[in-house]
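Remarks on the overall topology
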Amino acid sequence: MSNPVIRPRRLRTTPALRRLASEIRVHPAELVLPMFVREGNEVMPIQSMPGVVQHSVDSARRAVVAAAEAGIGGVMLFGVPDVRDATGTGATDPNGILNVATRALVDEIGDALVVQTDLCLDEFTDHGHCGVLATDGRVDNDATLLRYSDMAVAQASSGSALLGLSGMMDGQVAAVRSSLDAAGFEDTAVLAYSAKYASAYYGPFREAVASTLVGNRRTYQLDPANRREGVRETQIDIDEGADIVMVKPAGSYLDVLAEVAAMSPVPVWAYQVSGEYAMIEAAAAQGWIDRRRAVEESILSIRRAGADAVLTYWAVELANWLNEERA
Ligand code: PBG
């Protein structure tokens, strides 16, 4: 037996060599922090997401300053209203919590990062679905598009620069694009949650937005078995004018992400969702995994699979670690 001539271990010999040979790295500017903003002055912890809170508008102002100081690329806002109804009136009300919070954060932070908003009805409806219901109880696609169109104009008027369309209704990108353009918001961008799966990993999010969903979302979100369909949904959103497309959740859908990254002419983002956060936090709290290494590895893997940017609840903490390392 002869000694090996080819020795890939050579490039792993020292920390300096490993750093130089690293194929990708994560930068704070490509991280986006999802934030929950509730009505009233109280800041409420979210039990299933230790370290994440429902902000008041004031605490959200302070958090967005810290986020900008950490150098992250943006925040994605979710509203937690006190009152909900069948059509999600609060979503289109200029005084609804999401629109109020958007104006406050844009006022606070200006252009230091991108203030983005979740465009979906589930936070605002009493039944918890992402759209309005027909008389037979099904989610009415086309009636929902009308609500999304109005919601888009309300959010753009509040100063949101990038609208996150997370409802998985057919035709939502085209509907929102045309209503934005008609209202003079040609420069307001659309982030399409294109390959969004009906996932168990959204569990803690329900607590985060205090939503009481009746039923499930399987008539509009994708079957976790379907990779091809995720790519098709992405193509449709690109054709309808999406500026950015997204795969969600991230960790269990890296194959979909890689395929979308290979075909997409527009930026591809991924959302590391509440359940992905909760799993690492829970295991780390038990001492079963190294928290920081697991967080870093999970986000690095999402970048490696092809995401240009990542929505993650660790955005600011990770950015601060990266800043420390460079200092
Ligand atoms: C819909 C929306 C959801 C999430 C983001 N936008 C919930 C859902 O589709 O059920 C989940 C995000 C997370 O779990 O972190 N407005």
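For the structure itself, look to the data block above.
This text gives an overview of the structure that appears in the document. Source: prediction; values computed, not measured.

A few words on empty space enclosed by the protein. Using a probe with the size of a water molecule, rolled over the atoms, empty space left in the structure can be pinpointed. A full pass over the atoms with the stated rule returns one cavity of 30 Å³ or more. Counted as a void, the largest cavity has a volume near 140 Å³. Asp122, Lys196, Tyr202, Phe205 and Lys248 are, among the 18 residues lining the largest cavity, the residues nearest its centre. Class assignment of the residues belonging to the lining of the largest cavity gives a composition of eight nonpolar, three polar and seven charged.

The next point concerns the pairing of strand 6 (residues 162–165). Of the two faces of strand 6, both are covered, the one formed by Leu162 and Gly164 as well as the one formed by Leu163 and Leu165. Handedness of the crossover joining strand 5 (residues 114–119) and strand 6 through helix 4 (residues 141–158): right-handed. Of the strand pairs in this sheet, strand 6 and strand 7 (residues 189–196) are connected by four bridges, and their pairing is parallel. Directly across from Leu165, in strand 7, lies its bridge partner Ala192. Once you follow strand 6 into helix 5 (residues 172–182) and on to strand 7, the crossover reads as right-handed.

This brings us to the environment of Pro81. The topology assignment puts Pro81 in the loop between strand 4 (74–80) and helix 3 (97–109). Relative accessible area serves as the criterion here: at 8%, Pro81 is assigned to the buried category. Placed 65 residues apart in sequence, Pro81 and Ala16 show a C-alpha to C-alpha distance of 50 Å. In this structure, Pro81 is in contact with Glu39, Ile97, Glu123 and Phe124, ignoring residues within four places of it in sequence.

Moving on, we come to helix 9 (residues 274–285). Because each turn of an α-helix spans 3.6 residues, side chains separated by three or four positions end up pointing in the same direction. The terminal C-alpha atoms of helix 9, which comprises twelve residues, lie 16 Å apart, in line with the 16 Å expected from a rise of 1.5 Å per residue. Counted residue by residue, helix 9 has nine buried out of twelve residues, so it is predominantly covered. Taken together, the buried positions of helix 9 are Ser274, Gly275, Glu276, Tyr277, Ala278, Ile280, Glu281, Ala283 and Ala284. Following helix 9 by one or two positions, Gly287 adopts a phi angle in the positive range, close to 80°.

Turning next to the packing of aromatic side chains. In the structure shown here, the tally under the stated rule is nine aromatic pairs. Ring plane angle 65° and centroid distance 5.8 Å describe the contact between Phe36 and Phe205, whose orientation is recorded as edge-to-face. One end of the pair, Phe36, is in strand 1 (residues 31–38); the other, Phe205, is in helix 6 (residues 203–208), and 169 residues separate them in sequence. Residue classification places Phe36 among the buried residues on the basis of a relative accessible area of 1%. A residue is classified by how much of its surface remains accessible, and Phe205, at 12% relative accessible area, is buried. Three or more aromatic residues joined by ring pairs form one cluster here, namely Phe36, Phe78, Tyr193, Phe205, Tyr271, Tyr277, Tyr313 and Trp314. The ring of Tyr202 has Lys248 lying over it, and the distance from NZ or CZ to the ring centre is 4.9 Å.

We now examine a positive patch on the surface. Together, Arg7, Arg9, Arg10 and Arg12 give the surface a local cluster of positive charge. Mapped onto the elements of the fold, Arg12 is located in the segment before helix 1 (15–21).

Moving on, we come to the site of the ligand. If you check the shell around the ligand, you find 18 residues, and the closest are Asp122, Lys196, Lys248, Ser274 and Tyr313. Tyr313 is positioned such that a nitrogen or oxygen atom in its side chain is 2.6 Å from an oxygen atom of the ligand. Placement of the ligand is best described as lying within the largest cavity. Among the residues making up the shell around the ligand, the classes are represented as eight nonpolar, three polar and seven charged.

The next subject is helix 5. If you check which residues of helix 5 are buried, you get Gln172, Val173, Ala175, Val176, Arg177, Ser179 and Leu180. The inward-facing, buried residues of helix 5 abut strand 5, helix 4, strand 6, strand 7 and helix 7 (227–239). Backbone geometry just after helix 5 places Gly184 at a positive phi near 85°.

For the rest of this paragraph, the subject is the packing of helix 7 against helix 8 (residues 254–263). Contact geometry for helix 7 and helix 8: axes closest at 10 Å, N-to-C directions at 35°. Seen from above, helix 7 lies across helix 8 with right-handed handedness. Along its contact with helix 7, which presents Arg227, Val231, Thr234, Gln235 and Ile238, the element helix 8 presents Asp255, Val256, Glu259, Val260 and Met263. Here the contact of helix 7 with helix 8 is composed, by residue class, of five nonpolar, two polar and three charged.

The rules behind each value
- Residues numbered from 1 in each chain as written.
- Predicted model: local features only at pLDDT ≥ 70, side-chain atom pairs only at ≥ 80, totals over all residues.
- Heavy atoms only, no water.
- 1 Å grid on protein atoms, 1.4 Å probe; cavity = no way out; pocket = protein on both sides within 12 Å on 5 of 7 lines; lining within 4 Å.
- Points joined across faces, edges and corners; volume = space filled by probe spheres on them.
- Nonpolar A, V, L, I, M, F, W, Y, C, P; charged D, E, K, R; others polar.
- Buried < 20%, exposed > 50% of the residue type's maximum accessible area, 1.4 Å probe, protein only.
- Helix = DSSP H or I, 4+ residues; strand = E, 2+ residues; numbered from the N terminus.
- Right-handed = clockwise from strand over helix to strand, strands pointing away.
- Pairing = 2+ DSSP bridges.
- Contact = heavy atoms within 4.5 Å.
- Expected span 1.5 Å × (residues − 1).
- Phe/Tyr/Trp six-rings, centres within 6.5 Å; stacked < 30°, edge-to-face > 60°.
- Lys NZ or Arg CZ within 6 Å of the ring centre and 35° of its normal.
- Patch = residues over 30% accessible without salt bridge, like charges linked within 9 Å, V, L, I, M, F, W, Y side chains within 5 Å.
- Areas by Shrake-Rupley, 256 points an atom, 1.4 Å probe, with all protein chains shown as cover.
- Salt bridge = Lys/Arg side-chain N within 4 Å of Asp/Glu carboxyl O.
- Lys, Arg positive; Asp, Glu negative; His and termini not counted.
- Charge placed at Lys NZ, Arg CZ, Asp CG, Glu CD.
- Near = heavy atom within 4 Å.
- Polar contact = N/O pair within 3.5 Å; in protein donor to acceptor, adjacent residues only side chain to side chain.
- Sits in = over half its atoms within 2 Å of the grid points.
- Axes fitted to C-alpha atoms, helices over the stretch in contact; angles between N-to-C directions.
- Left-handed = near helix turned anticlockwise from the far one by under 90°.

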